[in-house]
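Structural overview for review
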Amino acid sequence: MRIDVFVLGKLKDFAQIANEYVKMLSQFHEVKLLELGHENIEDTSSLKRDSAKVLRMLRDDDHLILLDEHGKDFDSISFAHHISELIMTRGKLVFLVGGPLGVDDSLKKRANERISLSKLTLTHRIATIVLLEQLFRSFKILSNQKYHY
Ligand SMILES: C[S@@+](CC[C@H](N)C(=O)[O-])C[C@H]1O[C@@H](n2cnc3c(N)ncnc32)[C@H](O)[C@@H]1O
């Protein structure tokens, strides 16, 4: 199954690290990383336009997982099992990392779930890297392969 990771913002110098994880993840699942540059950080109305763009890209049966510091928190083992269950029971998984201003309410409403990577507020770039690393860790855990513990 393909997994999409949408980022509302540019990854800039972090793109190389993100792409390394995407390549490492490809042994388990095809992961498509899409940088959807946010329009204007100063202009909150651009949040609505960015959200509309994301909503147009989603199919009704896509399972949208919003990254949110206030979302549900997991340890790596429970995150791995959660991802495994979603892969088996849902449509395509789409992870969404918000931009510097987060995401518009329309995306919060559309999200099937919100997950937290920690209680700290991270930049969209760091959040994307942590998400990709945890996905890679999940698939290593699920396939009983050795990794950094
Ligand atoms: C700079 S943060 C935006 C902060 C903004 N105040 C908000 O309410 O979302 C950029 C994006 O990174 C992701 N993010 C940041 N910290 C996170 C965390 N601890 N757990 C999960 N996602 C996080 C979220 O998707 C967030 O929208």
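A quick note: this is a predicted structure, and the numbers were derived from the prediction, not measured. (Residues numbered from 1 in each chain as written. Predicted model: local features only at pLDDT ≥ 70, side-chain atom pairs only at ≥ 80, totals over all residues. Heavy atoms only, no water.)

What follows is about the pattern of salt bridges. Tallied over the full model, the rule gives eight salt bridges. Residue D104 is joined to K48 by a salt bridge in which the shortest nitrogen-to-oxygen separation is 3.4 Å. In this pair, D104 is assigned in the loop between β4 (93–97) and α4 (105–110) and K48 in helix α2 (residues 45–57), connecting sequence segments 56 residues apart. A relative accessible area of 11% places D104 in the buried class. (Salt bridge = Lys/Arg side-chain N within 4 Å of Asp/Glu carboxyl O. Helix = DSSP H or I, 4+ residues; strand = E, 2+ residues; numbered from the N terminus. Buried < 20%, exposed > 50% of the residue type's maximum accessible area, 1.4 Å probe, protein only.)

Looking now at the site of the ligand. Lining the immediate environment of the ligand, one finds 17 residues, of which L67, G98, L117, S118 and L120 sit closest. Between L122 and the ligand, the recorded distance is 2.9 Å, taken from a backbone N or O atom to a nitrogen atom. Surface burial for the ligand is 79%, taken as the share of its 560 Å² of free accessible area covered by protein chains. Counting residues per element, the ones that place at least two in the shell around the ligand are β3 (63–73), β5 (113–116) and α5 (124–142). Of the residues forming the shell around the ligand, the biggest block, three residues, is contributed by β3. Partitioned by chemical class, the residues of the shell around the ligand number eight nonpolar, seven polar and two charged. (Near = heavy atom within 4 Å. Polar contact = N/O pair within 3.5 Å; in protein donor to acceptor, adjacent residues only side chain to side chain. Areas by Shrake-Rupley, 256 points an atom, 1.4 Å probe, with all protein chains shown as cover. Nonpolar A, V, L, I, M, F, W, Y, C, P; charged D, E, K, R; others polar.)

Here the focus is α2. With 13 residues, α2 should cover 18 Å at 1.5 Å per step; its first-to-last C-alpha distance of 19 Å lies within 8% of that length. Of all the positions in α2, only S46, L47, D50, S51 and V54 are classed as buried. For α2, the buried positions fall inside an angular range of 140 degrees around the axis, keeping them on one side. The outward face of α2, more than 90 degrees from its buried face, is lined by the exposed residues K48 and R56. For α2, the elements touching its buried residues are β1 (3–7), β4 and α4. (Expected span 1.5 Å × (residues − 1). Arc of directions from axis to C-beta. Contact = heavy atoms within 4.5 Å.)

Of note, V130 is situated in helix α5. For V130, a relative accessible area of 28% puts it in the partly exposed group.

Here we take up the UniProt feature "binding site: S-adenosyl-L-methionine" (unreviewed entry) in the protein. Within this numbering scheme, the UniProt entry marks L67, G98, L117, S118, K119, L120, T121 and L122 as carrying the feature "binding site: S-adenosyl-L-methionine" (unreviewed entry). The residue L67 is located in strand β3 in this model. Its relative accessible area of 12% is what places L67 among the buried residues. Those residues in contact with L67, other than ones at most four positions away along the chain, are F95, L96, V97, I115, L117 and L131. Checked against the element boundaries, L122 lands in the loop between β5 and α5. (UniProt positions renumbered as here; feature names shortened; annotations may be inferred.)

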